[in-house]
Amino acid sequence: MKFIGEIDLANKTVYCRCDYNVPLDENRNIIEDWRIRASLPTIRHALGKSARVVVISHLGRPKGNPVPEMSLAPVARRLSELLEKEVALLPDCIGDEVRSSVKKMKPGEIVMLENLRFHPEETKNDDAFARELAAGADVYINDAFGNAHRSHASNVGIVRHVAECGIGYLMKSELDYFEAALENPVRPFVAVLGGSKVSDKLEAIENLSKRVDKLIIGGGMAFTFLKASGFEVGCSLVENNLIEAAQRGMDKAKEKGVKLYFPVDAVIAQKPAPGEANMIVPVQEIPEDWMGLDIGPASTRLFAEVLADAKTVVWNGPMGVFEIDAFSRGTYAMAHAIAETHAMTVIGGGDTDAAVQKAGESENMTFISTGGGAFLWLMQGHKLPSIEALERHESSRG
Ligand code: AMP
C-alpha cells in the first residue's frame, strides 16, 4: 500500500476521500471542525505538488436521497477558510456536469463533490457507481479513517477503477499509532474500556487480552461484568444475555495473565438525568432501584494507581454518563490520570475524544483517533476493508 508521499501528483487529478462527517447545529453551523483540520496535511501536500484536488466525503445519513440539510456546503466553506483558498462545491458527486467541471480544473485548484450518500449506491458499494465516481481520477487517496471500517463505493469499490491509489497523512498516522500501541507496545501496556455496550466490546476484550498487561473496565459495561462476578448492581445497565459471555471474557483474560480491574465504587442515581439526587456507594451496596452512572472516587484512585507505571495506554469509552455533569467526574479524572502517565497514549474517537477535550487534556495525549467505529474495529482485531482494498490493488499491480 502506497503513501501519498510516494506518488507523483504533479498535474494529476487526485481524488481524496476524507471523512467530513462533522457535527452541525440546527443552523447548520459546524460545531466541531477537527476532522476537517485533520485532513489539511494531505490536501496541502497535494495542492503543493500542483495536483487538481477533488475532495469526496459523506455527511450524516441521508439514506440515498439528496437531503439539503446534509449538503457539504458548510464543510466546503470551512475548508476554504482553513486553506485560505476557494473550494467550490459541485452540485453532485457524479454526472456530466461534475465531470466537465473537474476537467476544467487547473493544477493547484481544489473542489469538493456533494455528499456521496445522496446516492444509495455509495453504501451498497455499487460497482457502476464506483466506476462513475472514479471517472476523472488519475490518483485516489484515502484519508478517511473514520469510515475505513465500511465497505462503501468511495473507499472500497473505487480502488478497482483508479490506476494509482494510496493513503494520506491522517490515515497513515492512525494506522501507525494503532500499530505501535497494539503490535509493538512498550510495557506495561494498559487498555481502558468504557461506554455502555458490552456487545461491541467483548471482541475487543478478547483481542486485547492477547496483548495487554492490564485491562481496566469502567462505564456502563462494567456492570455486566460485575453481575457476572456475583454482585447485585441494582438497576444499573446490564446486558443479561451477555453475562455468560462476559464471564468467559474474564476467564480468557485471566488465562492470558492479564490483570483485570473493575470499579469498586459508583456514583448512583435513580435516573440518568440532570438534577437527580445522587450518592456514592461501594459497588456491593447499590440499592435495588438505583443505578451506577459513573465510577466513584475510590475507583478513580485505584485506576490512577494502575496506570501510574504504564508505558502504553489505549483508551476507548467513557467511565460514566459524562454528558451529565453529575456523572462526568470519573471520565475526566480518567483523562487526567492518562495524561499524567509517561506513556504513549492513544485515544479512541467519538465519546472518548469529546471527553478528553472537555477535560482540557487533548494536548497531553500522544494521539487522538478521528474514528470511533473504525478504532473499535481495529481493537477487535479486524482488518479495515478500505485498507484491504488498497493492499489488493497494490498486489495486483505486482
Ligand atoms: P458506547 O457507545 O458503548 O461507547 O457508549 C457511550 C455511552 O455510554 C455514553 O453516551 C455514556 O453516556 C454511556 N455510559 C457510560 N457509562 C454509563 C453508565 N454507567 N450507565 C449508562 N450509560 C453509560
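Read on for a plain summary of the structure. Being a predicted model, the structure only gives us computed values, none of them experimental.

1. Concerning the overall build of the protein
So, point 1. Helix and strand content of the protein: 15 helices and 15 strands.
So, point 2. Its C-alpha atoms give the protein a radius of gyration of 23 Å, within 12% of the compact-globule value 21 Å for 398 residues.
So, point 3. Each principal axis of the C-alpha atoms in the protein carries an extent, and together these give about 70 × 45 × 35 Å.
So, point 4. For the protein, the proportion of its 398 residues judged to be buried stands at 56%.
So, point 5. The contacts of the protein with a sequence gap of at least 6 include a subset with a gap of at least 24, amounting to 73%.

2. Some words on the sheet that holds strand E8 (residues 214-217)
So, point 1. Read from one edge of the open sheet, 6 strands run E9-E8-E7-E13-E14-E15, paired in parallel fashion. Edge strands, defined here as strands with exactly one partner in the open sheet, are strand E9 (259-261) and strand E15 (367-368).
So, point 2. Across the sheet, helix H11 (residues 297-307) touches strand E7 (189-193), E8, E9 and strand E13 (312-316), and the angle it forms with E8 is around 160°.
So, point 3. Running over the sheet, helix H12 (residues 329-340) touches E7, E8, E13 and strand E14 (344-347) and is turned about 160° from E13.

3. Quick notes on the nonpolar core
So, point 1. Core analysis: the biggest nonpolar cluster contains 107 residues, and Tyr20, Leu79, Leu113, Leu215 and Phe225 have the highest contact counts within it.
So, point 2. There are two domains that each give this core at least three residues, and those are domain 1 (4-171 + 384-396) and domain 2 (187-342).
So, point 3. In this structure, Ile216, Trp315, Met319 and Val356 belong to the second largest nonpolar core, which totals 26 residues.

4. Overview of the pairing of strand E10 (residues 265-269)
Every regular strand shows the same layout, with side chains that alternate between the two sheet faces.
So, point 1. Across the 5 residues that make up E10, a large majority, 5, are buried.
So, point 2. Pairing of E10 with strand E11 (residues 278-282) involves 5 bridges; the strand directions are antiparallel. Counterpart to Ala269 in the pairing with E11 is Asn278.
So, point 3. Bridging between E10 and strand E12 (residues 291-295) involves 4 bridges; their strand directions are antiparallel. Counterpart to Val267 in the pairing with E12 is Asp294.

5. A word on the site of the ligand
So, point 1. Lining the immediate environment of the ligand, one finds 14 residues, of which Ser196, Gly220, Gly292, Glu323 and Asp351 sit closest.
So, point 2. Note that an oxygen atom of the ligand is positioned 2.9 Å from one of the backbone N or O atoms of Ser196.
So, point 3. Compared with its free state, where it exposes 510 Å², the ligand has 81% of that area covered by protein.
So, point 4. Taken together, the residues of the shell around the ligand sort by class into 4 nonpolar, 6 polar and 4 charged.

6. Some points on helix H15 (residues 385-396)
So, point 1. Between its first and last C-alpha atoms H15 spans 16 Å; for 12 residues at 1.5 Å apiece the expected length is 16 Å, and the two agree.
So, point 2. Along H15, the residues that are buried comprise Pro385, Ser386, Ile387, Ala389, Leu390, His393 and Glu394.
So, point 3. Lining the buried residues of H15 we find strand E5 (139-142), strand E6 (164-167), helix H7 (169-182) and helix H14 (373-379).

7. Considering the side chain of Asp33
So, point 1. Along the polypeptide, Asp33 turns up in the loop between strand E1 (13-17) and helix H1 (34-38).
So, point 2. When sequence neighbours within four positions are dropped, the list of residues in contact with Asp33 reads Arg78 and Leu82.

8. Considering the pattern of salt bridges
So, point 1. All told, the structure shown has 20 salt bridges when counted by the stated rule.
So, point 2. Shared partners join several salt bridges into a network, and the residues in it are Lys2, Glu164, Glu394 and Arg397.

9. A closer look at unusual backbone geometry
Outside of glycine, negative phi angles account for most residues, and trans bonds account for most peptide bonds.
So, point 1. The omega torsion across Arg187 and Pro188 is 5°, close enough to zero to call that bond cis.
So, point 2. Backbone geometry places Asn11, a non-glycine residue, at a positive phi of 60°.
So, point 3. Structurally, Asn11 is set in the segment before E1.
So, point 4. For Asn11, a relative accessible area of 47% translates into the label partly exposed.
So, point 5. Of note in this structure, Glu84 is not a glycine but carries a positive phi near 55°.
So, point 6. Along the chain, the position of Glu84 falls in the loop between helix H3 (73-83) and strand E3 (88-89).
So, point 7. By relative accessible area, Glu84 is classed as exposed at 75%.

10. Some words on the environment of Ala181
So, point 1. In this structure, Ala181 sits in helix H7.
So, point 2. A relative accessible area of 0% places Ala181 in the buried class.
So, point 3. Sequence separation of Ala181 and Val314 is 133 residues, and the distance between their C-alpha atoms is 7.3 Å.
So, point 4. If sequence neighbours within four positions are ignored, Ala181 has contacts with Phe189, Thr312, Val314, Met344 and Val346.

11. Re the side chain of Ser71
So, point 1. Within the secondary structure layout, Ser71 lies in the loop between strand E2 (52-56) and H3.
So, point 2. Separated by 2.8 Å, the side chains of Ser71 and Glu114 make a polar contact.
So, point 3. Ignoring anything within four residues of it in the chain, the contact list for Ser71 reads Arg28, Leu59, Leu89, Glu114 and Phe118.

12. Focus: the sheet that holds E2
So, point 1. In spatial order, the strands read E3-E4-E2-E1-E5-E6; together these 6 strands make up an open sheet with parallel pairing. For this open sheet the edge positions go to E3 and E6, each flanked by a neighbour on one side alone.
So, point 2. Examined bridge by bridge, E3 and strand E4 (residues 110-112) share 2 bridges and lie parallel to one another. Residue pairing in the sheet places Ala88 in a bridge with Val111 of E4.

Reading the values: rules and limits
Counting of residues starts from 1 at the beginning of each chain's written sequence and follows it residue by residue. Only residues with pLDDT of at least 70 are given local features in this predicted model, and only at 80 or more are side-chain atom pairs given and counted; all residues enter the totals for whole chains, interfaces and linings. Calculation of side-chain values draws on the structure's entire complement of heavy atoms; hydrogens and water are dropped beforehand. Numbering of helices and strands runs from the N terminus; a helix is a DSSP stretch of H or I covering at least four residues, while a strand is a stretch of E covering at least two. When we talk radius of gyration, it's over C-alpha atoms, and the globule rule is simply 2.2 Å times the number of residues to the 0.38. A 1.4 Å probe rolled over the protein chains alone gives each residue an accessible area, and that area as a share of the maximum for its type sets the label: buried under 20%, exposed over 50%, partly exposed in between. Contact between two residues is taken to exist if any of their heavy atoms lie within 4.5 Å; hydrogens are not considered. DSSP bridges decide pairing: two strands pair if at least two such bridges lie between them. Under this scheme, a helix contributes an axis fitted over its contacting stretch, all axes are lines through C-alpha atoms, and angles between N-to-C directions fall in the 0 to 180 degree range. We define the nonpolar core as a collection of buried residues of types Ala, Val, Leu, Ile, Met, Phe, Trp, Tyr and Cys that are connected through side-chain atoms lying within 4.5 Å of one another. For the purposes of this description, domain bounds are those given by an automatic or database domain assignment. Proximity is defined per residue: any heavy atom of the residue falling within 4 Å of a molecule or strand makes that residue near it. Any N or O atom pair separated by 3.5 Å or less is treated as a polar contact, with the protein-specific requirement of one donor-capable and one acceptor-capable atom, and with residues adjacent in sequence counted only for side-chain atom pairs. Using a 1.4 Å probe, the Shrake-Rupley method yields the accessible areas, and only the shown protein chains count as cover for residues. Under this grouping Gly is polar, as are all residues other than the nonpolar Ala, Val, Leu, Ile, Met, Phe, Trp, Tyr, Cys and Pro and the charged Asp, Glu, Lys and Arg. Expected helix span is given by 1.5 Å per residue-to-residue step, counting one fewer step than there are residues. Counted as salt bridges are all cases of a side-chain nitrogen of Lys or Arg within 4 Å of a carboxyl oxygen of Asp or Glu.

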